[in-house]
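Spelled out, the chains give:
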Amino acid sequence: MSTNRQAYRASLLHLLDDPAVAGDGAVVWHEDGLLLVEDGHVAAAGSFEDLAPALPDGVAVEHLPGKILTPGFVDAHIHYPQTDVVAAWGAQLLDWLTEHTFPVEQAFEDRAHADAAAAFFLDELLRNGTTSALVFGTVHRTSVDALFEAALARNMRLIGGKVLMDRNAPAALCDTVESGRADTEALIRAWRGQGRLGYAVTPRFAVTSSDAQLAMAGELAAAHPDILIHTHMSENLEEIRAVEGLFPGHGSYLGVYERFGLVTDRSVFAHCVHTTADDLRKLTEAGATAAFCPSSNLMLGSGLFSLRKACGCGTRVALGTDVGAGASFSLLHAIGEAYRVGQLQHEPLDPLEGLYLATLAGARALKIDHRVGNFEVGKEADFVVLDPAATPLLARRTAAAQSLRDRLFALSILGDDRAIQRTYLMGRLAHAR
Ligand code: GUN
Ligand code: ZN
């Protein structure tokens, strides 16, 4: 069979490691770069001058002057059924769930509704340059069937799961220990190995699962070592008090999850805003990831996550939009929001660290970094074409940029889906503005 090749000449930017740990040597930047894609995988990524002479015969090079190619963004925490609760005014977490979120999630019992919502959601991810995500469904098994079917059709590398919750929620949104187990196992059986999909056992949070259900979730995770664990933790002070009341004698919020076998190197805990130093240490020792969701934390008034504290402890951190509590699908916007949260604590985020969080760190959290997350040769060619001149203000500001950091920072503060000129999945165009 003949090889299918495409080549793109533009600026190239990606991370080989966490620049906060490995230094600027982890940053790969080619002002005049070339990305060669063969059969959907990265065949070469480097400077145009170095690579052009060795290009295979007959490969047409598409020149994208002024544009920047980066790996596709990886959203480490998002809820697809919450697209319609974006921009809800006023409430904090527990009231927001009751007043806004639970009513909207009930509609996902209907497959046609779920199909339409999944299609909109995935197209919105692609419009924003997000090529992989760790996604909450609803309690309904069909919600995940709809999501996976739509992601498979688009060939997205996506991980999702059916929500487990058997208490403290409307009856229409509650499963049981046994139905939650049966539905989760059926979904794993149905979707394992299909396309680029993965499964995450998804207990919503400790407030909405009984001891027995959390124990069941831990058993499922242990029985299927290829799947992730995805939940929320220590987002809001009222939530933390509720967990203390529901699980007396567990010592801490993380202690609840630990007791049920849910703290592993395959666990992603959304938020961790108020995580104690002791819990942060345990989470780090387990190799679990905290998904930092700055837009959500600001919108729900949850508090300020300290990246410095987490990184000082060696904790794995990735970036999530947490739509619908988060107000934007854009991980560029999330980098900007993470910067603002940092500023309020006198720890401004380096924009290159922000790009790491939005790409390779997310891939690491989702255990897909051997496939995506940067432009290492052999990885799947999921990438975006950033347009630093997407708006008149961006054009003016980035033309005057003093450095790569400055240009990227302007993109994170002023940019959103408008700055994503194209999104590619395995070398195939999946979105163009
Ligand atoms: N904690 C439990 N459920 C949710 C949710 O849907 N969104 C957020 N932000 N936090 C949660
Ligand atoms: Zn969430």
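Attention in this report is confined to the structure presented alongside it. (Residues numbered from 1 in each chain as written. Chains lettered and ligands numbered in written order. Predicted model: local features only at pLDDT ≥ 70, side-chain atom pairs only at ≥ 80, totals over all residues. Heavy atoms only, no water.)

## Considerations on the overall build of the chain
Of regular secondary structure, the chain possesses 17 helices and 16 strands. Within the chain, buried positions represent 58% of all 433 residues. Contacts spanning at least 24 positions in sequence make up 75% of the contacts within the chain whose residues lie at least 6 apart. Carbon and sulfur atoms provide 51% of the accessible area of the chain, an area that totals close to 16000 Å². (Helix = DSSP H or I, 4+ residues; strand = E, 2+ residues; numbered from the N terminus. Buried < 20%, exposed > 50% of the residue type's maximum accessible area, 1.4 Å probe, protein only. Contact = heavy atoms within 4.5 Å. Areas by Shrake-Rupley, 256 points an atom, 1.4 Å probe, with all protein chains shown as cover.)

## Some points on the packing of aromatic side chains
As enumerated under the stated definition, the model contains 13 aromatic pairs in all. Their ring planes at 35° and their centres at 5.6 Å tell us that Tyr-253 and Tyr-257 sit as a pair that is tilted. Placement of both Tyr-253 and Tyr-257 in helix α9 (residues 253-259) is noted, with a separation of four residues, approximately one turn of the helix. Each of the two residues, Tyr-253 as well as Tyr-257, counts as buried. Aromatic pair Tyr-339 and Phe-409: ring centres 4.6 Å apart, planes at 65°, arrangement edge-to-face. With a gap of 70 residues between them, Tyr-339 in helix α13 (residues 331-343) and Phe-409 in helix α17 (residues 404-414) connect regions that are remote in the sequence. The structure contains a cluster of three or more aromatic residues connected by ring pairs, namely Tyr-8, Phe-375, Phe-383 and Tyr-424. Taking NZ or CZ as reference, Arg-9 lies 3.6 Å from the ring centre of Phe-48, over its face. (Phe/Tyr/Trp six-rings, centres within 6.5 Å; stacked < 30°, edge-to-face > 60°. Lys NZ or Arg CZ within 6 Å of the ring centre and 35° of its normal.)

## Brief notes about the coordination of the zinc ion (ligand 2)
Around a metal, the idealised angle for a tetrahedral arrangement of four donor atoms is 109.5 degrees; for an octahedral arrangement of six donor atoms it is 90 or 180 degrees. For the zinc ion (ligand 2), the full set of protein donor atoms is His-77 (NE2), His-79 (NE2), His-232 (NE2) and Asp-322 (OD), and the range of their distances to it is 2.0 to 2.3 Å. Coordination geometry of the zinc ion (ligand 2): the four donor atoms subtend angles of 88 to 170° at the metal centre, consistent with an arrangement described as irregular. Mapped onto the polypeptide sequence, the residues donating to the zinc ion (ligand 2) form the spacing pattern H-x1-H-x152-H-x89-D. Of this pair, His-232 sits in strand β10 (residues 228-233) while Asp-322 sits in the loop between β13 (316-319) and α13, and the two are 90 residues apart along the sequence. Residue classification places His-232 among the buried residues on the basis of a relative accessible area of 6%. For Asp-322, a relative accessible area of 3% translates into the label buried. (Donors = N, O, S within 2.8 Å, 3.2 Å for Na, K, Ca; no water. Tetrahedral: all angles 85-135°; square planar, octahedral: opposite > 155°, others 65-115°.)

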